[in-house]
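Below are the chains, spelled out letter by letter.
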Amino acid sequence: MDRVSAFDEPLKKLLGGPTAKVMAEHLDLHTVGDLLHHYPRRYEERGRLTALTDLPLDEHVTVVAQVADARVLTFNGGRGKRLEVTLTDGHGRLQLVFFGHGVHKPHKELLPGRRAMFAGKVSVFNRKMQLAHPTYQLLDADPVDDAGATEAVDAFAGKLLPIYPACKQLDSWRIAKAVDAVLPSALEAVDPLPASLREGRGFTPLPEALLKIHRPATKADVAAARDRLKWDEAFVLQVALARRRYADAQLPAVARRPTPGGLLDAFDAKLPFTLTDGQRKVSGEIFDDLATEHPMHRLLQGEVGSGKTMVALRAMLAVVDAGGQAAMLAPTEVLAQQHHRSITEMMGELAEGGMLGGSDQGTKVVLLTGSMSTATRRQALLDLVTGEAGVVIGTHALIEDKVKFHDLGLVVVDEQHRFGVEQRDALRSKGKQPPHLLVMTATPIPRTVAMTVFGDLETSVLDQLPAGRSPIASHVVPAKDKPHFLGRAWERVREEVENGHQAYVVCPRIGDDEDDTAKKKGKGNGKKAAEEEAATADKRPPLAVLEIAEQLAEGPLRGLRVEVLHGRMQPDDKDDVMRRFAAGDVDVLVATTVIEVGVNVPNATAMVIMDADRFGVSQLHQLRGRVGRGSAPGLCLLVTEAHEASPARARLGAVAATLDGFELSRIDLEQRREGDVLGQAQSGVRSSLRVLSVIDDEEVIAAARQEAVAVVAADPELEHLPELRTALDALLDKEREEYLDKG
């Protein structure tokens with residue numbers, strides 16, 4: 001077997017079909033290499049019990065604990081049986097529950113004093129933490145020779161028990177067994193680090209690092225292995241990004257310099273306010289890039305409301321000044337229309353170039369979306385191909401083949417993470433030469449994440465809010481524990497409206513026949529459903545816009561003008577509702593997250609987010625940024641039924657405690673489990689970062705980036721580093737290539 005193919009061997013050959021199938025479907029592990037890179041999440045010490053007091057709710061956990069007591073209870077007039085087992089770690093307690101025929105075996109085995117590993121999902125029932133129908137592995141052999149228990153003791157004879165990221169279908173200890181079967185292949189690992197780098201930094205050889213991370217004898221083994229494997233991940237990724245930057249730097253682009261006394265100067269002269277220092281600084285960085293003969297690749301990240309659109313618009317006008325065209329790509333029609341409206345308002349007569357009453361220095365600003373009438377669309381396409389329109393704002397309709405530009409010089413992508421790679425590349429290919437690219441995001445990203453996720457983009461940050469923005473007070477409303485708090489929330493909305501302001505109510509779901517059908521289909525059958533319901537806390541479907549709007553209009557907000565807005569409405573209807581809300585003709589807008597970005601109604605001062613625990617931290621921060629946009633202070637109420645001790649409540653508490661988006665994105669990353677840290681930004685790299693933490697390993701990432709730049713500068717094609725090329729090809733399979741092409 002040659003050195004490369006050992007890691008490419010399908011798991012089915014070594015582990016058998018059923019286990020390999022579960023690994024592929026539930027853990028995305030397909031080859032020996034995948035499994036060897038599926039590292040333990042943590043290690044339990046054989047003699048030590050797991051702390052049971054701080055287990056995360058709703059997560060699949062593996063714990064080592066001792067049985068305190070076990071008893072069988074009957075229900076349904078003696079027809080049903082339930083086994084309740086109480087575990088202890090000497091401090092906290094955890095309840096296990098088994099039903100029906102599943103009672104017999106654990107009742108025989110889980111006797112008081114026995115010690116075992118248990119795996120299951122943590123829930124709360126009757127205010128107690130519990131695992132329903134957990135799987136378990138005994139760790140102490142029974143005096144009666146129990147073959148399974150003896151085998152378990154042998155398997156875990158080492159002091160450190162590896163606890164693997166597992167799933168309901170496959171426990172940590174079964175994964176450990178599978179790893180044992182493939183561990184000999186670790187000796188054939190191809191080392192991606194150049195020898196000079198490896199020796200210079202005194203790293204453990206890769207095969208040894210793999211053996212130590214899976215089967216450590218000591219904690220020092222774990223530390224040495226992790227240090228080495230972190231470097232592999234950081235370095236290979238940074239080499240990929242450095243090669244991308246190097247290739248882009250070789251491409252030609254047209255330098256775009258604004259004309260003195262032209263469109264940009266005319267626009268600046270009519271601004272009713274002065275730009276913030278941050279906006280000036282970032283604009284300077286962008287103009288410097290636009291003046292070069294290589295395509296700009298810049299990420300502009302800024303707090304909600306920090307004036308990113310203004311910076312992007314000035315860059316677009318500079319390009320129009322220089323004879324080119326600029327396109328802004330927005331993720332939704334609502335947002336494209338909103339951008340078009342605010343840009344034409346900001347530009348005034350400068351947006352009416354060639355039209356009666358328009359300015360001589362002006363240009364035409366057109367909107368292009370999928371739902372426009374044929375005639376309007378035909379005119380917009382004509383304006384683009386002739387160069388009459390200098391600025392176009394649109395959705396992915398801009399990408400269609402029939403859209404032709406006269407001379408596309410700049411592409412601005414709003415809300416980067418919502419666009420697929422093909423979409424963005426298709427737009428970039430519409431320039432005679434590669435256009436300059438400006439990517440905007442309102443989700444603040446800590447520096448290390450930006451370096452890891454957008455490492456091929458130069459980064460500009462706007463962290464200063466324009467003058468006149470008001471503070472936003474945020475509070476968590478625990479609807480289940482304190483129902484009167486929710487009543488008070490609706491009173492506050494009424495008070496805001498009585499003071500001449502408006503409010504948003506946000507729900508996670510639209511709520512219509514489609515949802516109801518899905519719910520009916522999902523109903524379990526009789527006994528099993530009853531068992532599951534008894535075993536887990538009630539998980540109702542998320543609250544829905546249509547239902548909540550009706551309840552509010554007939555109940556606590558009776559008499560107010562309540563309207564709905566969601567993604568399945570006709571574009572004209574959506575636009576009509578937004579226009580009326582902006583004009584003050586609607587008091588309360590009940591919406592889904594379609595209002596998350598770009599919606600600007602300064603008179604809206606209050607927002608109530610229902611089922612707030614169902615949204616991510618950055619999404620909550622985005623939503624909250626829709627209020628407090630005028631001179632009156634904003635109010636954001638996060639309504640939740642989440643249990644007080646749950647991670648969801650901790651997350652909401654963090655959002656309520658700070659308005660600093662960078663701080664929140666850091667908290668968000670710290671709270672998420674490893675593996676999905678980069679999931680928001682792109683699907684591809686998620687599976688390549690196993691031990692590297694983009695939050696904690698800033699120094700490793702920065703050092704790896706430096707080394708990677710030097711390696712690529714000396715050998716862009718990596719001709720002298722075949723092992724590194726192999727590692728790169730493994731990282732850049734089809735899916736992961738998309739991640740890199742996001743630049």
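Located above this text is the structure these notes cover.
In this text, all values refer to a predicted model and were calculated from it rather than measured experimentally.

This part takes up the nonpolar core. Within the largest apolar cluster, 40 residues are counted, with the highest numbers of intra-cluster contacts made by Met347 and Leu410. The dominant element in this core, judged by the number of residues it contributes, is helix H13 (residues 308-321), at ten residues. Dropping the residues within four chain positions of it, Met347 is found in contact with Phe267, Lys270, Leu313, Leu317, Thr363 and Val365.

Quick look at the sheet that holds strand S10 (residues 325-329) now. With parallel pairing, the seven strands of this open sheet are ordered in space as S11-S12-S10-S13-S14-S9-S15. Each edge of the sheet is formed by a strand with only one pairing partner; in this case those strands are strand S11 (364-368) and strand S15 (458-462). Each neighbouring strand pair of the sheet contributes to a mean axis angle of 20°, computed without reference to strand direction. Relative to strand S13 (residues 408-414), S10 runs parallel, the two sharing five bridges. Looking at the pairing, Gln325 lines up with Leu408 of S13. This element, helix H14 (residues 333-347), spans S10, S11, strand S12 (389-394) and S13 of the sheet and lies at about 170° to S11.

Another aspect to go through is the environment of Leu381. As for its position among the elements, Leu381 is in helix H15 (residues 374-386). Residues Leu381 and Lys402, spaced 21 residues apart in sequence, show a C-alpha to C-alpha distance of 8.2 Å.

So, about the environment of Ala479. With respect to the helices, strands and loops of the structure, Ala479 is situated in the loop between strand S16 (472-478) and helix H18 (483-498). The class for Ala479 is buried, based on a relative accessible area of 14%. A sequence separation of 161 residues divides Ala479 from Thr640, and the C-alpha atoms of the two residues are 5.8 Å apart. Ignoring sequence-local partners within four residues, the contact set of Ala479 consists of Leu486, Val639, Thr640 and Glu641.

Below, the discussion takes up H14. Spanning 15 residues, H14 covers 21 Å between terminal C-alpha atoms, matching the ideal 21 Å at 1.5 Å per step. Taken across its 15 residues, H14 has eleven buried, putting it largely inside the fold. Those residues of H14 that sit buried are Glu333, Val334, Leu335, Ala336, Gln337, Gln338, His339, His340, Arg341, Ile343 and Met347. Sitting at the head of H14, Thr332 places a side-chain oxygen 3.1 Å from the backbone nitrogen of Leu335. Of the residues trailing H14, Gly348 is marked for its positive phi of about 60°.

This paragraph deals with the pattern of salt bridges. Enumeration according to the criterion identifies 36 salt bridges in this entry. One salt bridge in this structure joins Arg228 and Asp191, with 2.6 Å as the shortest N-O distance. In this pair, Arg228 is assigned in helix H10 (residues 219-250) and Asp191 in the loop between helix H7 (172-182) and helix H8 (195-200), connecting sequence segments 37 residues apart. Residue Arg228 is classed as buried on the basis of its relative accessible area, which comes to 0%. Here Asp268 ties to Arg314 by a salt bridge, and the two come within 2.8 Å at their closest N and O atoms. On the criterion of sequence distance, the pair formed by Asp268 in helix H11 (residues 263-269) and Arg314 in helix H13 is long-range, its members being 46 residues apart. The class for Asp268 is partly exposed, based on a relative accessible area of 26%. One salt-bridge network, held together by shared partners, links Arg488, Glu491, Arg492, Glu495 and Glu496.

Turning our eyes to something else, we now look at the pairing of strand S3 (residues 80-88). Of all nine residues in S3, seven are buried, a share of seventy percent or more. As paired strands, strand S2 (residues 60-75) and S3 are joined by nine bridges and run antiparallel to one another. Bridge assignment links Leu73 to a residue of S3, and that residue is Arg82. Between S2 and S3, which pair antiparallel one after the other, the connecting turn spans four residues, and Asn76 there sits at a positive phi close to 55°. In terms of strand pairing, S3 meets strand S4 (residues 93-99) through seven bridges, oriented antiparallel. Considered in S4, the bridge of Val85 is made with Leu96. Linkage of S3 to S4, two consecutive antiparallel strands, is achieved through a turn of four residues, within which Gly90 is found at a positive phi near 95°.

Another aspect to go through is the sheet that holds strand S18 (residues 562-565). Read across the open sheet, the six strands follow the order S16-S21-S20-S17-S19-S18; overall the sheet is parallel. The open sheet has two free edges, formed respectively by S16 and S18, since each of these has just one partner strand. Each neighbouring strand pair of the sheet contributes to a mean axis angle of 20°, computed without reference to strand direction. Taken together, the four bridges between strand S17 (residues 502-506) and strand S19 (residues 588-591) define a ladder with parallel strand orientation. Across the sheet, Ala503 pairs through a bridge with Val588, a residue of S19.

This part takes up the packing of aromatic side chains. Counted according to the given criterion, the structure contains six aromatic pairs. Their ring planes at 90° and their centres at 6.2 Å tell us that Phe75 and Phe99 sit as a pair that is edge-to-face. Highlighted residues: Phe75 in strand S2 and Phe99 in strand S4, separated in sequence by 24 residues. A relative accessible area of 4% places Phe99 in the buried class. Ring centres of Phe203 and Trp231 lie 5.7 Å apart, and the angle between their planes is 50°; this geometry places the pair in the tilted category. Taken as a pair, Phe203 in the loop between H8 and helix H9 (206-214) and Trp231 in helix H10 lie far apart in primary sequence, 28 residues in all.

Conventions adopted
Residues numbered from 1 in each chain as written. Predicted model: local features only at pLDDT ≥ 70, side-chain atom pairs only at ≥ 80, totals over all residues. Heavy atoms only, no water. Core = buried A, V, L, I, M, F, W, Y, C linked by side-chain atoms within 4.5 Å. Buried < 20%, exposed > 50% of the residue type's maximum accessible area, 1.4 Å probe, protein only. Helix = DSSP H or I, 4+ residues; strand = E, 2+ residues; numbered from the N terminus. Contact = heavy atoms within 4.5 Å. Pairing = 2+ DSSP bridges. Axes fitted to C-alpha atoms, helices over the stretch in contact; angles between N-to-C directions. Expected span 1.5 Å × (residues − 1). Polar contact = N/O pair within 3.5 Å; in protein donor to acceptor, adjacent residues only side chain to side chain. Salt bridge = Lys/Arg side-chain N within 4 Å of Asp/Glu carboxyl O. Phe/Tyr/Trp six-rings, centres within 6.5 Å; stacked < 30°, edge-to-face > 60°.

The values reported here are purely geometric and, on their own, carry no functional implication.
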